[in-house]
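# Summary of the model geometry
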Amino acid sequence: MRGFTNLLFNQKFLWLQILVALTLGVCIGLALSPKGAALLGQQDAEQVAQWVALPGKLFLALIQMVVIPLVMSSIILGIAGNQDTQFLRKVGVRIFPYFVVTTIISVTIGVLVVSLFSPGFYVGSQLLTNLGVSTSLVSSEPATTMSIPERVAAMIPANFTQSTLDKDMFAVVMYAGFIGVALTTLVVKQKLLLLDLTQAVQSLSLKVVNWAMHLAPFAVFGLLCDITIRIGIDALIGVSAYVGTVIVGLVILLLVYLSLVCLIGRINPWSFIKSIKDAQLLAFSTSSSAAVMPLSMQIAEQKLQVQKPIVQFIVPLGATINMDGTALYQVIAALFLTQVFGVSLTDSQIVMLMLTTVGASIGSPSTPGVGIVILASVLASFGIPPSGIALILGVDRILDMCRTTLNVTGDLTACVVMSRWLNKHFEISNSSVNTPV
């Protein structure tokens, strides 16, 4: 009995703890849900759902409290903490095109899958009525559009305080990138002082994250139990064709990642999955790439043997702009709703939808539920009734968990690929990894 208890509470077996918590959360949630076994009434179930979700909300709050200083310090150290002055240029000219290409691949998979299965044709008018689709649920006003020059100018964070308040992670990444590059130009004495301070900020942030990780299994149980109590299985069954289409697309995207890991990273795909399972399970449970970022960094460095500067640069950056799973989900959801409402898109409009989705997914906040917000702006640009969001809202959290898992997998795949590519061009010495100059 003592051995079993140690197994459940040992941090080395975090994946097992999360898996047990996930299973218990779903089972107990279905038992308590008025749309499941109905052991509780509607009002009592809602009260219980609020309390069981408390550990999860505390966990996410702890992570979000330190995510900005952790992202900033990690990127700054990843750029300025390396002796090789060619590192930034070599990783930069590879990682940004890589992220763009994989995002384009993901939306292409989405278009092909939704065209093949046509999930929107399985939704009848009666289901729309039962699910309460109404134009009042989502504003139908078109999103404010910006010209390309305005978008380019907006990439530079003019007011970092406002960007922090808005949780604009893309602005935070840009700000940290500028600081990191600027640090490389300072004299050694000034650089060492600032890098020591940045290292201290990162260490403090990771300490808070370490405390939060002790809550992870309880957070997983609470979040899964909460969402299961609220939606039951009715909403999932009602749009099961749509859910299945998204999951098929995500599985194909996973196979693309595993192919990259095998062909470029020269790592056995099964070994890769075993190494990153902790991060995948935590991503699935929390629906937040930011919450998983510290664990992803640890896994990339310790289990995947990726050099520390690469991890510090790519994982925080990927958690902000590498949203392949989100992009795939958005294009499937948009085309699904065009089928539901009978909106016809030309080939050029579909291509424009793909490009818009790629742009919208880059820089999207790595927090739960943000995909549905971005989707609303995408729909408004193509004349697709925004009221359709109500149709997929009930199952969005489940799909959010799935696409976040793929987002995190994509970040770790990028680490493996970049590590392999960069090793072909230069050697990162142990001193440059650990000793800032």
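Residues numbered from 1 in each chain as written. Predicted model: local features only at pLDDT ≥ 70, side-chain atom pairs only at ≥ 80, totals over all residues. Heavy atoms only, no water.

The next point concerns the side chain of Ser-419. In this structure, Ser-419 sits in helix 20 (residues 389-423). Classification of Ser-419 as buried rests on a relative accessible area of 8%. Setting aside its immediate chain neighbours within four residues, Ser-419 contacts Val-306, Gln-307 and Ile-310. (Helix = DSSP H or I, 4+ residues; strand = E, 2+ residues; numbered from the N terminus. Buried < 20%, exposed > 50% of the residue type's maximum accessible area, 1.4 Å probe, protein only. Contact = heavy atoms within 4.5 Å.)

This paragraph deals with the packing of aromatic side chains. Inspection of the entire model under this criterion finds three aromatic pairs. Taking 4.6 Å as the distance between ring centres and 25 degrees as the angle between the ring planes, the aromatic pair formed by Tyr-242 and Phe-336 counts as stacked. Here Tyr-242, found in helix 13 (residues 240-263), pairs with Phe-336, found in helix 17 (residues 324-341); they are 94 residues apart in sequence, far enough to count as distant. Assigned by exposure class, Tyr-242 and Phe-336 land together as buried. Cluster of aromatic residues (ring-pair linked, three or more members): Tyr-98, Phe-99 and Trp-421. Between the NZ or CZ atom of Arg-403 and the centre of the ring of Tyr-329, over which it lies, the distance is 3.7 Å. (Phe/Tyr/Trp six-rings, centres within 6.5 Å; stacked < 30°, edge-to-face > 60°. Lys NZ or Arg CZ within 6 Å of the ring centre and 35° of its normal.)

On to the nonpolar core. Most often, soluble globular proteins keep nonpolar side chains buried together rather than apart. Of all hydrophobic cores here, the largest spans 72 residues; its most connected members are Phe-59, Ile-95 and Ile-314. No other element matches helix 4 (residues 54-80), which puts 14 residues into this core. Membership of the second largest hydrophobic core comes to 31 residues, among which are Leu-250, Phe-336, Leu-337 and Val-358. (Core = buried A, V, L, I, M, F, W, Y, C linked by side-chain atoms within 4.5 Å.)

Attention now moves to helix 4. In this model, helix 4 (27 residues) spans 39 Å end to end at C-alpha, consistent with the 39 Å of a helix rising 1.5 Å per residue. Maximum bend of helix 4: about 45 degrees, positioned at Val-67, with proline Pro-69 one to four residues after it. (Expected span 1.5 Å × (residues − 1). Bend = angle between axes of the 7 residues up to and from the residue.)

Positive phi values are uncommon outside glycine, yet Arg-266 reaches one of about 55 degrees. The residue Arg-266 is located in the loop between helix 13 and helix 14 (269-286) in this model. Residue classification places Arg-266 among the exposed residues on the basis of a relative accessible area of 56%. Even without being a glycine, Gln-305 presents a positive backbone phi close to 60 degrees. Position of Gln-305 relative to the elements: it lies in the loop between helix 15 (289-302) and helix 16 (308-321).

It is worth spelling out the environment of Tyr-98 at this point. Within the secondary structure, Tyr-98 is located in helix 5 (residues 87-117). Not counting the four nearest positions on each side in its chain, Tyr-98 is found in contact with Leu-260, Thr-413, Ala-414, Val-417, Met-418 and Trp-421.

Along its 14 residues, helix 16 runs 20 Å from first to last C-alpha, staying within 8% of the 20 Å computed at 1.5 Å per residue. Within helix 16, 13 of the 14 residues are buried, which leaves it mostly tucked inside the rest of the structure.

Attention shifts here to the confidence of the model for the protein. Summary statistics for the protein give a mean pLDDT of 76 and a share of 73% for residues scoring 70 or more. By mean pLDDT, the top-scoring element of the protein is helix 13 (92), and the lowest-scoring one is helix 21 (residues 430-434) (42). Here residues 130-144 is a poorly scored stretch, pLDDT under 50, and it has 22 contacts once near neighbours within four places are set aside; other chains count. (pLDDT = per-residue confidence, 0-100.)

It is at 10 Å that the axes of helix 13 and helix 17 come closest, and there the two elements cross at 145 degrees. With respect to the hand of their crossing, helix 13 and helix 17 are arranged in right-handed fashion. Side by side, helix 13 and helix 17 meet where Tyr-242, Thr-245, Val-246, Gly-249, Leu-250, Leu-253 and Tyr-257 of the first sit next to Asp-324, Gly-325, Leu-328, Tyr-329, Ile-332, Ala-333 and Phe-336 of the second. A per-class count over the contact of helix 13 with helix 17 returns ten nonpolar, three polar and one charged. (Axes fitted to C-alpha atoms, helices over the stretch in contact; angles between N-to-C directions. Left-handed = near helix turned anticlockwise from the far one by under 90°. Nonpolar A, V, L, I, M, F, W, Y, C, P; charged D, E, K, R; others polar.)

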